[in-house]
Amino acid sequence: LSGDIVSEGVTKAKSSGIIEASMEEAGIALKVFVTDKETKIKEPVKINYRPDSGSIVENHIIYLREGSSLTLIQMFESEDEENNLVGIRTRVYAEKNASIKLVKVNLLGNRTDRFDDMGFYLSDDAEAELVELELGGNRACRTKEQVFK
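Q: So what about the overall build of the chain? Which residues, and what values?
A: Counting its secondary structure elements, the chain contains two helices and nine strands. Listing every helix and strand of the chain by position from the N terminus yields α-α-β-β-β-β-β-β-β-β-β. Burial statistics for the chain: of 149 residues in total, 40% are counted as buried. Taking the intrachain contacts of the chain between residues at least 6 apart in sequence as the baseline, contacts between residues at least 24 apart amount to 88%.

Q: Describe unusual backbone geometry, listing the residues and the values that go with them.
A: At Asn97, a position not held by glycine, the phi torsion is positive, near 60°. Mapping Asn97 onto the fold places it in the loop between strand 5 (84-94) and strand 6 (99-107). Positive phi, close to 55°, is recorded for Asp125, a residue that is not glycine. For Asp125, the location among the structural elements is in the loop between strand 7 (112-122) and strand 8 (127-134).

Q: So what about the pairing of strand 3 (residues 55-64)? Which residues, and what values?
A: Burial runs high along strand 3: eight of the ten residues are buried. Two strands pair when backbone bridges link them, and strand 1 (residues 30-34) and strand 3 are joined in this way by five bridges, in the parallel orientation. Bridge pairing in strand 3 links Leu30 to Asn59. Relative to strand 5, strand 3 runs parallel, the two being bridged by ten bridges. Its bridge partner being in strand 5, Ile62 is matched across the sheet by Val92.

Q: A description of the sheet that holds strand 4 (residues 69-77) should follow, citing residues and the corresponding values.
A: Where strands meet in a sheet, backbone hydrogen bonds hold them as pairs that are either parallel or antiparallel. Taken together, the four strands give an open sheet; going across it, the order is 2-4-6-8, and neighbouring strands pair in parallel fashion. The open sheet has two edge strands with one neighbour each: strand 2 (45-49) and strand 8. On average, each strand axis in the sheet is tilted by 15° relative to the strand beside it, whichever way the strands run. In this sheet, strand 8 lies alongside strand 6 in parallel orientation, the contact comprising eight bridges. Bridging from a neighbouring strand, Ser99 pairs with Glu127 of strand 8.

Q: Talk me through the packing of aromatic side chains; I want residue IDs and the actual numbers.
A: The way to describe two aromatic rings as a pair is by their centre distance and the angle between their planes. The full count for this structure, using the stated rule, is three aromatic pairs. Between Tyr93 and Tyr121, the ring centres sit 6.2 Å apart and the planes meet at 40°, which makes this aromatic pair tilted. Taken together, the residues span a long stretch of sequence, with Tyr93 in strand 5 and Tyr121 in strand 7 at a distance of 28 residues. A relative accessible area of 30% means that Tyr121 is categorised as partly exposed. A network of ring pairs unites the aromatic residues Tyr63, Tyr93 and Tyr121 as a single cluster. Above the face of the Phe76 ring, Arg114 is positioned so that its terminal group lies 5.0 Å from the ring centre.

Q: Summarise the environment of Val103; cite the residues concerned and give the values.
A: Counting through the fold element by element, Val103 comes out in strand 6. For Val103, a relative accessible area of 12% corresponds to the buried category. In this structure, the C-alpha to C-alpha distance between Val103 and Thr71, residues 32 residues apart in sequence, is 7.5 Å. Dropping the residues within four chain positions of it, Val103 is found in contact with Leu72, Ile73, Gln74 and Val131.

The rules behind each value
Residues numbered from 1 in each chain as written. Predicted model: local features only at pLDDT ≥ 70, side-chain atom pairs only at ≥ 80, totals over all residues. Heavy atoms only, no water. Helix = DSSP H or I, 4+ residues; strand = E, 2+ residues; numbered from the N terminus. Buried < 20%, exposed > 50% of the residue type's maximum accessible area, 1.4 Å probe, protein only. Contact = heavy atoms within 4.5 Å. Pairing = 2+ DSSP bridges. Axes fitted to C-alpha atoms, helices over the stretch in contact; angles between N-to-C directions. Phe/Tyr/Trp six-rings, centres within 6.5 Å; stacked < 30°, edge-to-face > 60°. Lys NZ or Arg CZ within 6 Å of the ring centre and 35° of its normal.

Structure below.
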């Protein structure tokens, strides 16, 4: 995966307006992960979110080029000692015949709140599988959006 923005259309794609506006206003940087065309990534890619103290808020685009596949694990963990907030906005764009398995694991402490804004844009014959394990945390707010071309 690389951190290059694929095209202007990726960052301007349809999304949850209120979350997008809040991210921009707060100055939260966009992180873009891009697969190479026809690349099958065999080992799961894992992103850890662990607020040691305070909050974590991130904005991600996962862009799968034509014929590529990926398993991405988003792992949310924290201790019970602190009041924390973990916020994540994830947009998945999958080109023709691409596939993604997105696994979200919530192991947050009982004093950590979480918001999770997800969206999927699937091109011709692209596939997406979402697996969510809610095993911890205090309060959670989730929004999901799917767009099929």
